[in-house]
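Residues per chain are reported as follows:
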Amino acid sequence: MASPPSLSDQPSAGSSSTTESSDDAHGVLGRVTPGLVTSIRAVGFWTAIAMPFLYLPLLATGLSSSFDGILFVCLLVGNLLALYVGHPHHQ
């Protein structure tokens, strides 16, 4: 029977592995396009705010066809991507 991990085996709350992975996730944009980071984040932020208004016509007419359903899911995925990219934008 295996014993549960001891306190020394468990990662601490301030462990550097979570900090490093968080820095890597937000640093990719900075490494790929260092001059455009602020602009890309601003566009992502404002797109994430404006995109839900595109849901209204689809929801008002109903998602009766498969095309409407696929379009709604694509808009939702695009909105989540814009939220992820625009989240660090500070103004």
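Reading the values: the criteria
- Residues numbered from 1 in each chain as written.
- Predicted model: local features only at pLDDT ≥ 70, side-chain atom pairs only at ≥ 80, totals over all residues.
- Heavy atoms only, no water.
- Helix = DSSP H or I, 4+ residues; strand = E, 2+ residues; numbered from the N terminus.
- Buried < 20%, exposed > 50% of the residue type's maximum accessible area, 1.4 Å probe, protein only.
- Areas by Shrake-Rupley, 256 points an atom, 1.4 Å probe, with all protein chains shown as cover.
- Phe/Tyr/Trp six-rings, centres within 6.5 Å; stacked < 30°, edge-to-face > 60°.
- Axes fitted to C-alpha atoms, helices over the stretch in contact; angles between N-to-C directions.
- Parallel < 35°, antiparallel > 145°, perpendicular 65-115°, else oblique.
- Left-handed = near helix turned anticlockwise from the far one by under 90°.
- Contact = heavy atoms within 4.5 Å.
- Nonpolar A, V, L, I, M, F, W, Y, C, P; charged D, E, K, R; others polar.
- Core = buried A, V, L, I, M, F, W, Y, C linked by side-chain atoms within 4.5 Å.

J.: Looking at this structure, how should I read the overall build of the protein chain?
T.: Looking only at helices and strands, the protein chain features four helices and zero strands. Going from N to C terminus, the protein chain has its helices and strands arranged as α-α-α-α. Classification of the 91 residues of the protein chain by burial places 20% in the buried group. In the form shown here, the protein chain has an accessible surface area of approximately 6,900 Å², with 70% of it arising from carbon and sulfur atoms.

J.: Would you explain the packing of aromatic side chains in this entry?
T.: Centre distance and the angle of the planes are the two values used to describe a pair of aromatic rings. Taken as a whole, this structure holds two aromatic pairs when the rule is applied. Seen in terms of ring centroids, Phe45 and Trp46 are 5.0 Å apart; in terms of plane orientation they differ by 85°. Their pairing is edge-to-face. We classify Phe45 as partly exposed; its relative accessible area is 28%. By relative accessible area, which is 47% here, Trp46 ends up partly exposed.

J.: How should I be thinking about the packing of helix H2 (residues 37-50) against helix H4 (residues 66-86) in this particular structure?
T.: For any two helices packed against each other, one specifies the inter-axial angle together with the distance between the axes. The contact between H2 and H4 brings their axes to 7 Å, and the two run at 135°. It follows that H2 is oblique to H4 by the angle criterion. Crossing hand, H2 versus H4: left-handed. Facing H2, whose interface residues are Ile40, Arg41, Gly44, Phe45, Thr47 and Ala48, H4 presents Asn79, Ala82, Leu83, Val85 and Gly86. A per-class count over the contact of H2 with H4 returns six nonpolar, four polar and one charged.

J.: Please explain the nonpolar core as it appears in this structure.
T.: Inside soluble globular proteins, nonpolar side chains tend to come together where they are buried. Membership of the largest hydrophobic core is limited to five residues, which are Met51, Tyr55, Leu58, Phe72 and Leu75. Of all the secondary structure elements, the ones that give two or more residues to this core are helix H3 (55-61) and H4. What Leu58 contacts, discounting residues up to four positions off in sequence, is Leu63, Asp68, Leu71, Phe72 and Leu75.

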